[in-house]
Amino acid sequence: MTTIVTVLGGCLVIAVVLSMTATVTLNSQRNTTDNRLGLEAQYAAESALARAQAQVDLYARSLNSIVIPQGTQQSSILTQLGAVCGLPSAVTLPLNIFNLPVTGEQLCTVPVLTGSALDNQLAFFRNNVAKPSTMTDDAWKTYWRNMFGGKNAVLLAKTTAAPSTDTGTLKTEVKGGLTMTEVRVYPDNTMRVLITSNPVVSSTTLESGGKVIAQRTYSAGSVQSREIKVSQPPFSEYQYFVNRRTLPTGNRLIFWDEDTFEGRVHANGASGSTAPLFYATTATKGPRFLGKYTSTSSTLEYSPNSPRRPTASTMFKGGYQLGVPAVALPSNANDQRLAAAGVQAGECTTTTALCLAAKFGAASVSITNGIKDGVYFSSGTATASNTGSGFGSNGTGGIYVKGNVDDLKLSKNGNFQRIEIVQGGKTTTFEQTGPTSWRVKEGSTVIKTMTNSTFNGMVFVDGAIGDQNTMGSKGLRGDGADTPDVAAESQLTVAASGDIFIKDNLTYTDNAKDKPDSSNVLGVYSERGNIKVNGPANRDITIDGTLMASATGKGFGTVNYNTRTGGTPPPKINLTGGIIEEQSQGVGVVGTPNTGYSRNFKWDDRLAKGLTPPFFPTQGQYEATPNFARLSDPQNFRAEKQQ
């Protein structure tokens, strides 16, 4: 009995051990199988996600290569953007673009369309990107439909047979795409197509016998706001722009060893005659261009006296491009005239002269000379000018002056702006007293107070500002003291049809170096004359702003640059901003004795980030500026679901 019990007990123990071992083995086999199945689904999902990421990065490259053809007119742009919103006609711009809030104004919302309507909606993108030669028109349309399919667009769908006989069927689908939301216009006169980019989501299931035996979902990216900006870029985006790099005498001017340009530079001009020359004392020197350099000339020409000829990569640290199309300068300043008078874009349907006369009233008109000399800032009546209650007709104009101006002084009235204009012995002063309130004085007499009146920043003189005779007085200038001249919130453009003589410092309250997010800005533009410095004798002069002279043979320089004794060392022009000129005028000559001024030109990089003086001339050519970095955002990879 004892033996039998012992044997049976031993058998029971062996059975229990065998049962436990079998259970562990089965569980291990099941876990191994589950892991293998899960890995198959995981690898399939990750592989599909990687392929889809490559596809959306291809989409990004396409969007970043949008180029609006030269000569495209505004009417065509507005019609194309209307089609983006599914409209049968062009979008309509508001009249007061330059006084819109920073957030802009909606032009239209973008509906969800399908079929041929969707193809028409996407024509703005499809027609402004070069189609690969390997694609048919239908394939090209399909490509753009897939790109703008929204978050549920299928980027990749694939079903394959099981990789082994003991698993099943893999089904993989990747979704994601772009969604257009609206078209807006902003006070810098840019239009933007607002777009949402969605995450790329890859999901794989492994099925066997009609059942899901493994599932994995992974995603990359996040919901992000994107935009395509459509604009006519202002000339203020250049630190230096020149149409002919020569003096009026015909002598070619040189970019020297010590010249450094931090911003963008462009030079029109023909090789051998009007394009720039370069000078370097050693192979590692020469001028330095830290921003992009472009030129219509197809070659780099060095001064015959240049001891060395450094490579392009040595001089052009910000990149360069030769043989580009010429950029045309504006032929007139009518936009600035009308803006000063408060005539909105599209409002003037006759001639500029008639529109000005209608704005300022019959009392402003001289039969023999068009508008009478004087200072105008409000709409007028048949019997009196400036009878309106604010700048322009609806509170969104500026200051228009007919005739030459002796003195135009910018200064501050507390934290706000003061503009003083002297013409023929009469002084008119505009004092800003609040964000939207102004006081206008003739001499010491207040002739008008204006509340809820938005000054649009445009001052236009239909004549010259100052003269070249007296150093440091009577011309465009600041207050003559060390205090700033342009208030912290002021954005001004001072334009004239004739010469502009800068007589003293013109400085910002908040400069770009100390406050990179500041918004005060000044533009100075001559339609048919030069912009020349004629400051106090033997004293440095500081100018914050962008200066432009666009007429043939006109540009920026100094009065008597090659004859006026400058002292040792010569006085210096400290300019932070830009120079745009048709033909160089000369600043100074180094020698014995020195003449004119030496140069210390710096870039205001806020001008490369969208800040521009109000109504500053634009380049005429529309351009699209997308902001599509890699859409796939590989650093934002995450697991969403597994089974």
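Here the structure is shown first, and the text comes after it.
Note that the structure is predicted; figures quoted are calculated from it, not measured. (Residues numbered from 1 in each chain as written. Predicted model: local features only at pLDDT ≥ 70, side-chain atom pairs only at ≥ 80, totals over all residues. Heavy atoms only, no water.)

### Describing the overall build of the chain
Just so we agree on the cut-off: A run of H or I in DSSP becomes a helix once it reaches four residues, and a run of E becomes a strand once it reaches two; helices and strands are each numbered from the N terminus. Accessibility here uses a 1.4 Å probe with only protein chains present; expressed as a share of the type maximum, an area under 20% marks a residue as buried, one over 50% as exposed, and anything in between as partly exposed. Only heavy atoms matter for contacts: two residues are in contact if any of them lie within 4.5 Å across the pair.
Of the regular secondary structure elements, the chain holds eight helices and 39 strands. Expressed as a percentage of the 643 residues in the chain, the buried residues total 51%. Sequence-distant contacts in the chain: of pairs separated by 6 or more residues, those separated by 24 or more amount to 72%.

### What about the environment of Thr433?
Mapped onto the elements, Thr433 comes out in strand S23 (residues 426–434). On the basis of relative accessibility, which here comes to 36%, the residue Thr433 falls in the partly exposed class. Residues Thr433 and Thr449, 16 residues apart in the sequence, show an inter-C-alpha distance of 9.6 Å. In this structure Thr433 touches Asn413, Phe416, Trp438 and Arg439, once residues within four positions along its chain are discounted.

### Concerning the pattern of salt bridges
The test is simple: Whenever a carboxyl oxygen of Asp or Glu lies within 4 Å of a side-chain nitrogen of Lys or Arg, that contact is scored as a salt bridge.
Scanning the entire structure with this criterion turns up 24 salt bridges. For Glu182, the salt bridge is made with Arg184, and the minimal N-O distance between the two is 3.0 Å. Of the two residues, Glu182 and Arg184, neither departs from the other in class, the shared state being buried. Put simply, Arg244 and Glu582 hold a salt bridge, and the shortest N to O gap is 2.9 Å. Remark: Glu582 occurs in strand S34 (residues 572–583) and Arg244 occurs in strand S9 (residues 238–244); sequence separation between them is 338 residues. Using a relative accessible area of 24% as the deciding quantity, one classes Arg244 as partly exposed. For Glu582, a relative accessible area of 5% gives the class buried.

### Considering the sheet that holds strand S1 (residues 105–109)
Short version of the rule: Strand pairing is assigned whenever DSSP identifies at least 2 bridges connecting the two strands. Axes, fitted as lines to C-alpha atoms, cover a helix only where it is in contact. Angles between the N-to-C directions of the axes lie from 0 to 180 degrees.
Taken in spatial order, the five strands make up an open sheet running S1-S4-S5-S8-S38, and their pairing is antiparallel. Among the strands making up the open sheet, the edge pair consists of S1 and strand S38 (623–626). Strand-to-strand twist of the sheet, defined as the mean angle between neighbouring strand axes without regard to direction, takes the value 25°. Sheet topology places S1 next to strand S4 (residues 178–185); four bridges connect them, and they run antiparallel. From the neighbouring strand, Thr109 faces S4, where its bridge partner is Glu182. Across the sheet, helix H2 (residues 74–84) is in contact with S1, S4, strand S5 (191–197) and strand S8 (224–231); its angle to S5 comes to roughly 30°.

### Looking at unusual backbone geometry
Here Lys474, not a glycine, exhibits a phi torsion of approximately 60°, which is positive. For Lys474, the position within the fold is in the loop between strand S26 (458–462) and strand S27 (476–477). The exposure class of Lys474 is partly exposed, given its relative accessible area of 49%. Even without glycine at this site, Asn560 takes up a positive phi of about 55°. A relative accessible area of 45% means that Asn560 is categorised as partly exposed.

### Description of the packing of aromatic side chains
Stated precisely, the cut-off is as follows: Aromatic contacts are taken between Phe, Tyr and Trp rings whose centres are within 6.5 Å, Trp giving its six-membered ring; a plane angle under 30 degrees counts as stacked, one over 60 as edge-to-face, and the others as tilted. Our definition puts a charge over a ring when NZ of Lys or CZ of Arg is within 6 Å of the ring centre and also within 35 degrees of the ring normal.
As enumerated under the stated definition, the model contains 37 aromatic pairs in all. A ring pair is formed by Tyr400 and Phe460, whose centres lie 6.2 Å apart and whose planes are at 10°; its orientation type is stacked. One end of the pair, Tyr400, is in strand S20 (residues 399–402); the other, Phe460, is in strand S26, and 60 residues separate them in sequence. Of the two residues, Tyr400 and Phe460, neither departs from the other in class, the shared state being buried. The ring centre of Tyr186 lies 4.1 Å from the NZ or CZ of Arg192, which sits over that ring.

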